[in-house]
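Breakdown of the fold
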Amino acid sequence: MFAGLVPAVLFTFVFGTWAARSRRVAKVIVPVIDILQSVPVLTFLSITVTGFIALFPGSALGLELASVFAVFTALVWNMTMAFYQSLITQSTELDEAARLMRLTRWQRFWKVDVPSGMIAQVWNGMISFGAAWFALSASETISVNGRDNGLPGVGSYVAQALDNGEGTRVALAVVVMVVMVVSVNFFFWRPVTAWAERFRTEDCELAEQPRSRFLALLRRSTVPSLLGRMARPAGERLDRAMRVLGTSPGRLHHDPVRRKRADTVFHVLYGVAVAAVLWQACTYILDNVPVGEIGHAAWLALVTYGRVMILVVFSTLVWVPVGAWIGMNPRVNRIAQPIVQVLASFPSNFLFPLAVVVLGASGISLNWGAIALMALGAQWYVLFNVIAGASSIPGDLREASDDLGLRGWLRWRKFILPAVFPSYTTGALAASGGAWNASIPGELVSYGTTTLTAVGIGTYITQATDSGDFARNFLGAVLMSVYVVVINRLLWRRLYRFAQQRCAL
């Protein structure tokens, strides 16, 4: 996981900064990342595994790199967009201060840009880290062209136990996974989130500040100061070396005529490149898959989309009031938030054997049961984000609502729901993406000799992956991506903009 986190952070700093500082680069990078972060990671997992195996034939290094790449892709898009947004919305006071102090580009990056985007970066990284557990466990067990590509890890351990129908080993893996997720949360994410609060610049104080016992222990020790003294000489030498990058640029004067001509050339070249990629993709699919099957696959994607929307509606009705109540009560929040973080991070496919047993005993079709399987992991994003939104409501706003006498449904309608709506849209978007991801293992599940299959694009992709049918796998990935991107553009992005414009605190 951390082998994927490090390159994700480096990618975020490089490309997030590049897009924020260059208008034309932003026109290329931002739409591409916006699409890639909407595409479920597991959709292209079999394709990337095939590519890395081809790069390192006869070696496990290709599979290891494919697993790290899966974690990287689960983390990087969300983190990069969060950092880019923090840079383009940076206050003018910080920008002017950096110019007046004649900071070099390197100094500005570390003293202004990174601190101003630290809180958003940490929270988005923590949420993406939870989704990456699912991608990691899946990448350790993927089957391509009828061949099982297993890596040492808890994911492959569970897959082997499922094939053999060994419930005890599956239960043991679940316990180990819970301990692992809780440990990472306690020793890494909780300290980092609590430490990042030092960069908060808002005047209003949070009702409940994030706290970490491990961070408090570190602050009382001499380890941080010792590490700081050891790293300071290298940092100073690196700072001097990076002066070649120059100082923060001043406001440039652009010739509007030359700028318009350059923009026209850029847009033409950009359009030609995009059209060429789309043409090649469409040609490849039409050469290898009958047209009638493409329509059938599109219908399968529509069926899966119906399951995703049922899940999101259910999660909204159940978890928004529960999450708001938890977030508004500091004592309950202190206990519940770590639990929800663990639930959101836990790979839900570990629990699929139990679902197979329950569905088989009850006679419920997987066509309906798949909704519950997808919800096992995805619904927690709604609850987690609503809790975070409710707990971040400033105390003076709560006092104002009390002074105004807001009670009952009026308090929910005028104060609580608008306050948590921005966080809800973020959580619902993440839940939707998580549900599309979970549809791939959730629509075709097996335990021992029992295999259950649901109608949907997840089953189509899984069967194409198992048989090594790259063209149909690619078709399924493209159709799922198109559905996700279109829905995000038409629904979730509009809700997100509305939330930021009308409901942001």
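Some words on the overall build of the chain
- For the chain, the count of helices and strands is 20 helices and four strands.
- Computed over C-alpha atoms, the radius of gyration of the chain comes to 24 Å, within 12% of the 23 Å expected from 2.2 N^0.38 for 505 residues, which places it in the range of a compact globule.
- Once the C-alpha set of the chain is aligned to its principal axes, its extents read approximately 70 × 60 × 50 Å.
- Split into buried and exposed, the 505 residues of the chain put 46% on the buried side.
- Considering only residue pairs separated by 6 or more positions, the chain has 79% of its internal contacts joining residues 24 or more positions apart.
- When the accessible surface of the chain is split by element, carbon and sulfur atoms take 66% of a total near 25,800 Å².
- Once the 42 positive and 28 negative side-chain charges of the chain are each reduced to a mean point, those two points are 7 Å apart.

Examining the nonpolar core
- Core analysis: the biggest nonpolar cluster contains 123 residues, and L75, F129, W133, L366, I457 and L475 have the highest contact counts within it.
- Look past the residues within four positions of I457 in its chain and what remains in contact with it is A297, L300, A301, T304, W436, E443, G476 and M480.

So, helix α14 (residues 330-345)
- With 16 residues, α14 should cover 22 Å at 1.5 Å per step; its first-to-last C-alpha distance of 22 Å lies within 8% of that length.
- Three or more residues of α14 are buried, namely N333, A336, Q337, V340, Q341, V342, A344 and S345.
- Buried residues along α14 sit in contact with α7 (118-139), α9 (167-196), α13 (291-328) and α16 (366-391).

Quick word on the packing of aromatic side chains
- Under the defined criterion, the tally for this structure stands at 25 aromatic pairs.
- Pairing W106 with W110 gives two aromatic rings, centres 5.9 Å apart and planes at 70°, and the pair type is edge-to-face. With W106 and W110 both in helix α6 (residues 105-116) and four residues apart, the pair spans about one turn of that helix.
- A residue is classified by how much of its surface remains accessible, and W110, at 40% relative accessible area, is partly exposed.
- Considering the side-chain rings of F187 and F214, the 5.0 Å spacing of their centres and the 85° angle between planes classify their relative orientation as edge-to-face.

Remarks on empty space enclosed by the protein
- Using the criterion set out here, one finds two cavities of 30 Å³ or more in the structure.
- Taken as a whole, the largest cavity spans an internal volume of roughly 160 Å³.
- Taken together, 14 residues make up the lining of the largest cavity; nearest its centre are M126, I127, G130, Q341 and S345.
- Of all the elements in the fold, those that place two or more residues in the lining of the largest cavity are α7, α9, α14 and α16.
- The element best represented in the lining of the largest cavity is α7, accounting for five residues.
- Counted by class, the lining of the largest cavity contains 10 nonpolar, four polar and no charged residues.

Structural notes on the pairing of strand β3 (residues 444-447)
- Alternating positions in β3 separate cleanly, V445 and Y447 being buried on one face and L444 and S446 remaining unburied on the opposite face.
- The sheet contact formed by β3 and strand β4 (residues 450-453) spans four bridges and is antiparallel. Within β4, the position partnered with L444 by the bridge is T453.
- The hairpin formed by β3 and β4 contains two residues between the paired strands, and G448 there has a positive phi angle of roughly 65°.

Rules used in this analysis
- Residues numbered from 1 in each chain as written.
- Predicted model: local features only at pLDDT ≥ 70, side-chain atom pairs only at ≥ 80, totals over all residues.
- Heavy atoms only, no water.
- Helix = DSSP H or I, 4+ residues; strand = E, 2+ residues; numbered from the N terminus.
- Rg over C-alpha atoms; globule rule 2.2 N^0.38 Å.
- Buried < 20%, exposed > 50% of the residue type's maximum accessible area, 1.4 Å probe, protein only.
- Contact = heavy atoms within 4.5 Å.
- Areas by Shrake-Rupley, 256 points an atom, 1.4 Å probe, with all protein chains shown as cover.
- Lys, Arg positive; Asp, Glu negative; His and termini not counted.
- Charge placed at Lys NZ, Arg CZ, Asp CG, Glu CD.
- Core = buried A, V, L, I, M, F, W, Y, C linked by side-chain atoms within 4.5 Å.
- Expected span 1.5 Å × (residues − 1).
- Phe/Tyr/Trp six-rings, centres within 6.5 Å; stacked < 30°, edge-to-face > 60°.
- 1 Å grid on protein atoms, 1.4 Å probe; cavity = no way out; pocket = protein on both sides within 12 Å on 5 of 7 lines; lining within 4 Å.
- Points joined across faces, edges and corners; volume = space filled by probe spheres on them.
- Nonpolar A, V, L, I, M, F, W, Y, C, P; charged D, E, K, R; others polar.
- Pairing = 2+ DSSP bridges.

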